[in-house]
Amino acid sequence: MALSTNFYDDRSRWILWWPVGMGLGISFYFSLSHEPALTSTLILLFISFIGTCFVFLHRRHHIFYVLLAMAILSLTIGFAAAKIRTNQLATPFLSTKIENVTVTGRIVNIEEQPNRHRLTLDDLTFSDAVPPLHNIRLSIPATRTLEASIGDRISCHASLLPLSDPVSLNGYNFRRQAYFQGISATGRIKGSLEIKEKEDKHLWLSTTRYRLTQLIRRHLNGQTWEIAAALITGDRSGIHSNIRQAFTDAGLAHILAISGLHLTLVAGLVFLVFRRSLALIPYLAENYPIKKWTALLVILATFAYLAISGFGIPGQRAFIMITIVMLGILLDRNPLSMRLVTMAASLILLVRPESLLSASFQLSFAAVVGLIAAYEGGWAPLRQWSLEGGYHRRLIAYGTGLIATTLIATLATTPYTIAIFNRFTLQTIIGNFLAIPLTSILIMPAATLSVLSLPFGGCDIFFYFLSFGLEYLIHIAKTVSSWPGAAIVMPTPPPAFLGFITLGGLWTCFWKQRWRWGGLIPCGLGCLSCFFQSQPTIYVAGDGSVLAYKKEDTLYVSDLKRGSFFTDQWMKELGLKQKKEWVSPHIKIANILLIHHAYSRPYTPLHITKEMCFAKALITTGYAWRECKQRGHIPPTLIDRYLLKRDGTHQIWLTKSGIEVESVKTSLGQRPWNGKVSEEEAVPLKPTE
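Given the structure is predicted, the values throughout are model-derived calculations rather than measurements.

J.: Now, about the overall build of the protein: what can you tell me, with residues and values included?
T.: Helices and strands together make up the secondary structure of the protein, namely 24 helices and 17 strands. Relative to the 2.2 N^0.38 estimate, which gives 26 Å for 689 residues, the radius of gyration of the protein is 28 Å and therefore close to what a compact globule would have. The dimensions of the protein, computed from C-alpha atoms along their principal axes, are 95 × 70 × 55 Å. For the protein, with 689 residues in total, the buried portion stands at 48%. For the protein, the share of sequence-separated contacts (at least 6 apart) that also reach a separation of at least 24 residues comes to 67%. Within the protein, the 43 negative side-chain charges are centred at a point lying 5 Å from the centre of the 65 positive side-chain charges.

J.: Residues and numbers for helix H17 (residues 460-481), please.
T.: In this model, H17 (22 residues) spans 31 Å end to end at C-alpha, consistent with the 32 Å of a helix rising 1.5 Å per residue. Buried within H17 we find Phe463, Leu466, Ser467, Gly469, Leu470, Leu473, Ile474, Ile476, Ala477, Val480 and Ser481. The inward-facing, buried residues of H17 abut helix H6 (204-219), helix H7 (222-232), helix H8 (241-249) and helix H16 (428-453).

J.: I'd like a description of the environment of phenylalanine 468, backed by residues and values.
T.: With respect to the element layout, phenylalanine 468 can be found in helix H17. Phenylalanine 468 sits 26 residues away from leucine 442 along the chain, and the two C-alpha atoms are 9.1 Å apart.

J.: A description of the nonpolar core should follow, citing residues and the corresponding values.
T.: Within the largest apolar cluster, 42 residues are counted, with the highest numbers of intra-cluster contacts made by Met338, Val341, Phe365 and Val369. Of all the elements in the fold, those that place two or more residues in this core are helix H2 (18-31), helix H4 (63-89), helix H5 (174-181), helix H12 (313-330), helix H13 (338-351), helix H14 (359-387) and helix H18 (495-510). Setting aside residues up to four positions removed in sequence, phenylalanine 365 forms contacts with Arg317, Val341, Ala344, Ala345 and Ile348. Counting 35 residues, the second largest nonpolar core, distinct from the first, contains Leu252, Ala446, Phe463 and Leu466.

J.: Go over the pattern of salt bridges with me, naming the residues and quoting the values.
T.: Working definition: two side chains of opposite charge can pair if their charged atoms are close together. This model, assessed by the stated rule, comprises 16 salt bridges. Here arginine 106 ties to aspartate 122 by a salt bridge, and the two come within 2.7 Å at their closest N and O atoms. With arginine 106 in strand S1 (residues 98-113) and aspartate 122 in strand S2 (residues 116-126), the pair connects residues that are 16 residues apart, well separated along the chain. Judged by relative accessible area, aspartate 122 falls into the buried class, the value being 14%. When the shortest N-O distance is used, the salt bridge between lysine 196 and glutamate 194 registers 3.4 Å.

J.: Summarise the pairing of strand S5 (residues 183-197); cite the residues concerned and give the values.
T.: Both faces of the sheet carry side chains from a regular strand, because those side chains alternate between them. Examined bridge by bridge, strand S3 (residues 135-141) and S5 share five bridges and lie parallel to one another. When the bridges of S5 are listed, arginine 137 appears paired with threonine 186. Bridge count between strand S4 (residues 153-161) and S5: eight bridges; the pairing is antiparallel. Within S5, the residue paired with serine 155 across the bridge is glutamate 194.

J.: Go over the packing of H2 against H13, please, and point to the residues and values.
T.: Packing of H2 against H13 brings their axes to within 9 Å, and their N-to-C directions diverge by 25°. Of the possible angle classes, the one that applies to H2 and H13 is roughly parallel. For the pair H2 and H13, the sense of crossing is left-handed. Facing H2, whose interface residues are Trp18, Pro19, Met22, Gly23 and Ile26, H13 presents Thr342, Ala345, Ser346, Leu349 and Leu350. In terms of residue class, the contact of H2 with H13 is built from seven nonpolar, three polar and no charged.

About the thresholds
- Residues numbered from 1 in each chain as written.
- Predicted model: local features only at pLDDT ≥ 70, side-chain atom pairs only at ≥ 80, totals over all residues.
- Heavy atoms only, no water.
- Helix = DSSP H or I, 4+ residues; strand = E, 2+ residues; numbered from the N terminus.
- Rg over C-alpha atoms; globule rule 2.2 N^0.38 Å.
- Buried < 20%, exposed > 50% of the residue type's maximum accessible area, 1.4 Å probe, protein only.
- Contact = heavy atoms within 4.5 Å.
- Lys, Arg positive; Asp, Glu negative; His and termini not counted.
- Charge placed at Lys NZ, Arg CZ, Asp CG, Glu CD.
- Expected span 1.5 Å × (residues − 1).
- Core = buried A, V, L, I, M, F, W, Y, C linked by side-chain atoms within 4.5 Å.
- Salt bridge = Lys/Arg side-chain N within 4 Å of Asp/Glu carboxyl O.
- Pairing = 2+ DSSP bridges.
- Axes fitted to C-alpha atoms, helices over the stretch in contact; angles between N-to-C directions.
- Parallel < 35°, antiparallel > 145°, perpendicular 65-115°, else oblique.
- Left-handed = near helix turned anticlockwise from the far one by under 90°.
- Nonpolar A, V, L, I, M, F, W, Y, C, P; charged D, E, K, R; others polar.

Taken by themselves, the reported measurements are silent on function.
Given below as structure tokens:
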């Protein structure tokens, strides 16, 4: 009876669960091992819609049926949105490496990284027979001068490479990300570039963004211009890895991404300056709604900033919320509530359902949901206390609010930070307490004024203050990240960890009655799930470059020079800090024989003795199937180069019942971004006799 009463008393909060249902539908779509049919998906959507209409017409007085129908409809809409989006893109992938092909295409984006330029081309034509591709990314060394710009149509000789698979079962899926970005292949440019046609006027927004980045570069030096480019145009490609890692370890990585913080600062600055300026004119202030004029200008200014910064997911969420807040001012309403987040999340998931899987979406909405829940719960008394006193109260309230905001946002995003980045930072509060005021008071106003001064040649004073603030921001990140406890490496938690904590966190934040604290139970279950997770003992890289096994707190690898990308990701996943090379020709672990074979040709025989063939399991980076067959016995578990070529990276668990083996390609299933396994590949690949 108490639960029923609490549920009905919180009926104004029921609508908040709509995007949660959409998210569950999208998650279910991406978790499938096979691609569902579009016709079946549309039929399911139609049936759920008709069923919901029937319930509203004939059972609208039965709350249970109405809510059940709405829940099913939200799930179906999320599932259908993801399926339609996938079919709409239909990005083709390059399946094999192609050497020395002439590529002609239009440059749609340029990323200037520390050691290379990376060009994205569309409208492609090739000199040889190449399958149809949408967009490709080609890299060129940074030592070479790049004369082409966005919009130019170029021709060059290049080597095209297929996109790589994840390095582990829990690794980042590069192919899925590329699929939804429309990227079909990557490659390297060989020789010089030939500009066929100059700038395409249809890419004026991308061209403006690129030119603005270059103008910022001319007025600033060192890493300050890279940070400035990240804050203004959203281009983070030029930031050195050590600087990026320092910001991450200090808990300041969100400053480098265009998010609600940046758009809110721009909106607040525009609102303050424009409204105060109009208030200085008595005739306008007394006869016209200058506050509403300012609200319209804020919408235009934040949209311009969002466009220049590249329409990132956190920026989209912040823009939608700022727009609704400004519309509330235009309609004389106070729209600051959790429904803002619901509307923003629903729109983003409907248009870009794949964003649910991105780190920016998860971190952004986790932080804002926690902050608004805290605001609704008890922020108003502090604000009222500060308004009733002098500047000392406002200063105290600002400091208290900054600490509380940082603490709440950190608490809300920590589970996702652990799951995505495998790091936990103890110094987040200190880092944000030092960096947020500097960013709010000096850096963002100076950046705004610097950009506005560029049409007039740029004001050196504004760029001086911007450079001064950015240098101290980098200094804060490096200093805080060097303190003990700034970067605690954590192993990848099980999927149940985020599932339970997300459910518990939403339950606690969405409801207002006392039963909201029941959300702490799923949060506790999520934390407990980490203690029941088993980690793999052995890894084998899909390209056969490296073989590794875990022993205590160290990852022992077969070759430290090759496969470093694989081993770094495996160490991150296991929560390890050190790796060592094992120099023995072969290693035996619990009746599992590990043999690393550094082959130099497409097929190099592996010297295997008869005793090796009778091992319980034989795992090697070389070719072993034929050799074992010639010696009269094939091990029950055999992983060699033949199998790696088909199924990619393998992970092996040592359990009480025996050996468990899983491969990346098998676990990913047959989805459009993973490719399909033909009937000929249904059995392990064997060499021709």
